[in-house]
Number of protein chains: 2
Amino acid sequence: MLNPDVQPDPAPIFAALGDRTRLSLLMKLSDGDARSIAKLSTDTLLTRQAITKHLRVLEGAGLVASLRVGRESRFAARRETIDAARAYLDRVSGHWDDALARLRTFVEDEPAG
Amino acid sequence: MLNPDVQPDPAPIFAALGDRTRLSLLMKLSDGDARSIAKLSTDTLLTRQAITKHLRVLEGAGLVASLRVGRESRFAARRETIDAARAYLDRVSGHWDDALARLRTFVEDEPAG
DNA sequence: CGAAAGCGCAACTCAATAGTTGCTCTTATC
DNA sequence: GATAAGAGCAACTATTGAGTTGCGCTTTCG
């Protein structure tokens, strides 16, 4: 086992999540089932190609995986990557516990230090 | 109390997180302390203006808050928004429990439905 | 075999983003 | 009061990103 859980840069993951269309695609896939591009392109105003591009972005970030089955490409969400993003936010959020810490240096400190 | 915790669109939050520079800024602020732009501009190759722009993006997404203290602008992380992003990922990730569910429809289903 | 469904590739447009430089203004400091 | 530190504003460039259209290829179905 090499690289147990080294996530070198979570920014691309968040960048992939930072689009309303892609978030809704992930939501559709959030039940764990895989769906074809055609099925994921229904109930949207965008073209199939636009959806395809978004799916490839999600795939590039590791948020979904694709597999060719017959003439269709199926996409499924990858929980590991979603959990990696969650874990990162835990680290950002978990560094301070007290809500007062924010207000502390926000106002009280001497201006110029 | 109006709009208790209605987060209409988490995409802008993730978009703001989807940049390496902004993530490192958030990391610096992850202890809850507030820092000036000048202090946040050290240890980086970017100009102060670039850092300022990034901070304003984070502020626009609600991830940080700013306050003018004397001649300097102090920024502090806002845990609520970070937690909102976490909560959203919880909803995406929590919809399916079984890891096998992914593999199920990923391979086994009949190709054309 | 022929038609249609599903998809990939390429070129293109338009808008948003990252980053820079130059200037001005305010606030501390000596 | 002069100087320097901290920061805001505006204009500009270059790159990325979203979305489209058109075309061709493969796979299923009648």
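For the structure, see preceding data.
Residues numbered from 1 in each chain as written. Chains lettered and ligands numbered in written order. Predicted model: local features only at pLDDT ≥ 70, side-chain atom pairs only at ≥ 80, totals over all residues. Heavy atoms only, no water.

### Let's talk about the protein's contact with DNA strand D
For the record, the criterion: One heavy atom within 4 Å of a molecule or strand makes the whole residue count as near it. Pairs of N or O atoms within 3.5 Å make up the polar contacts considered here, provided that, within protein, one atom can donate a hydrogen while the other can accept it, and that residues adjacent in sequence are counted only when both atoms are side-chain atoms. Helix and strand assignments follow DSSP, with helices taken as H or I runs no shorter than four residues and strands as E runs no shorter than two, numbered in order from the N terminus.
Neighbouring DNA strand D are 24 residues; Thr47(A), Lys53(A), His54(A), Ala38(B) and Arg56(B) lie closest to it. Here a phosphate oxygen of DNA strand D sits 2.3 Å away from a polar atom, N or O, in the side chain of His54(A). Taking Ile37(B), its main chain carries an N or O atom lying 3.0 Å from a phosphate oxygen of DNA strand D. Mapped by element, the contributors of at least two residues to the surface near DNA strand D are α4 (48-60) of chain A together with α3 (37-40), α4 (48-60) and β3 (72-77) of chain B.

### Quick notes on the protein's contact with DNA strand C
Test applied: Under the convention adopted here, Pro, Cys and the residues Ala, Val, Leu, Ile, Met, Phe, Trp and Tyr are nonpolar, Asp, Glu, Lys and Arg are charged, and Gly plus all remaining residues are polar.
Taken together, 23 residues sit near DNA strand C, with Arg56(A), Thr47(B), Lys53(B), His54(B) and Gly70(B) positioned nearest. His54(B) is positioned such that a nitrogen or oxygen atom in its side chain is 2.4 Å from a phosphate oxygen of DNA strand C. Residue assignment for the surface near DNA strand C shows that the elements contributing at least two residues are α3 (37-40), α4 and β3 (72-77) of chain A together with α4 of chain B. Ranked by residue count, the leading element in the surface near DNA strand C is α4(A), at five residues. When grouped by side-chain class, the residues that make up the surface near DNA strand C number five nonpolar, eight polar and 10 charged.

### Let's talk about the pattern of salt bridges
In a structure, side chains of opposite charge can pair up when their charged atoms sit close to one another. This is how the line gets drawn: A carboxyl oxygen of Asp or Glu within 4 Å of a side-chain nitrogen of Lys or Arg is what we treat as a salt bridge. Working definition: with a 1.4 Å probe on protein chains only, accessible area under 20% of the residue-type maximum means buried, over 50% means exposed, and in between means partly exposed.
Counted according to the given criterion, the structure contains 14 salt bridges over all chains. The shortest N-O distance in the salt bridge between Asp90(A) and Arg86(B) comes to 2.7 Å. Taken together, the positions of Asp90(A) in helix α5 (residues 79-93) and Arg86(B) in helix α5 (residues 79-93) put the pair across two chains. In this structure, Glu59(B) and Arg56(B) form a salt bridge, with 2.8 Å as the shortest nitrogen-oxygen distance. Linking Glu59(B) with Arg56(B), this pair stays in helix α4, spanning three residues, or about one helical turn. Residue classification places Glu59(B) among the partly exposed positions, given a relative accessible area of 28%.

### Some thoughts on the sheet that holds strand β1 (residues 35-36) of chain A
All names here are of chain A. Our working rule: Strand pairing requires that DSSP identify at least two bridges connecting the strands.
Spatially, β1-β3-β2 is the arrangement adopted by the three strands of the open sheet, whose pairing is antiparallel. Bordering the open sheet on either side are β1 and β2 (64-69), each of which pairs with just one other strand. Relative to β3, β1 runs antiparallel, the two sharing two bridges. Residue Arg35 lies in a different strand from β3, and its bridge partner there is Phe75.

### Comments concerning the nonpolar core
This is how it is decided: We define the nonpolar core as a collection of buried residues of types Ala, Val, Leu, Ile, Met, Phe, Trp, Tyr and Cys that are connected through side-chain atoms lying within 4.5 Å of one another. We call two residues in contact when some of their heavy atoms are within 4.5 Å.
With 48 residues, the main nonpolar core has Phe14(A), Leu17(A), Leu63(A), Phe14(B), Leu17(B), Leu26(B) and Leu63(B) as its most contacted residues. When near neighbours in sequence (up to four residues on either side) are disregarded, Leu17(B) contacts Ala11(A), Phe14(A), Leu89(A), Leu23(B), Leu26(B) and Leu63(B).

### What to know about unusual backbone geometry
Residue and element names in this part refer to chain A. Of note, Asp43 is a non-glycine position whose phi angle comes to about 60°, a positive value. Tracing the chain through its elements places Asp43 in the loop between α3 and α4. Of the residues examined, Asp43 reaches a relative accessible area of 77% and is grouped as exposed.

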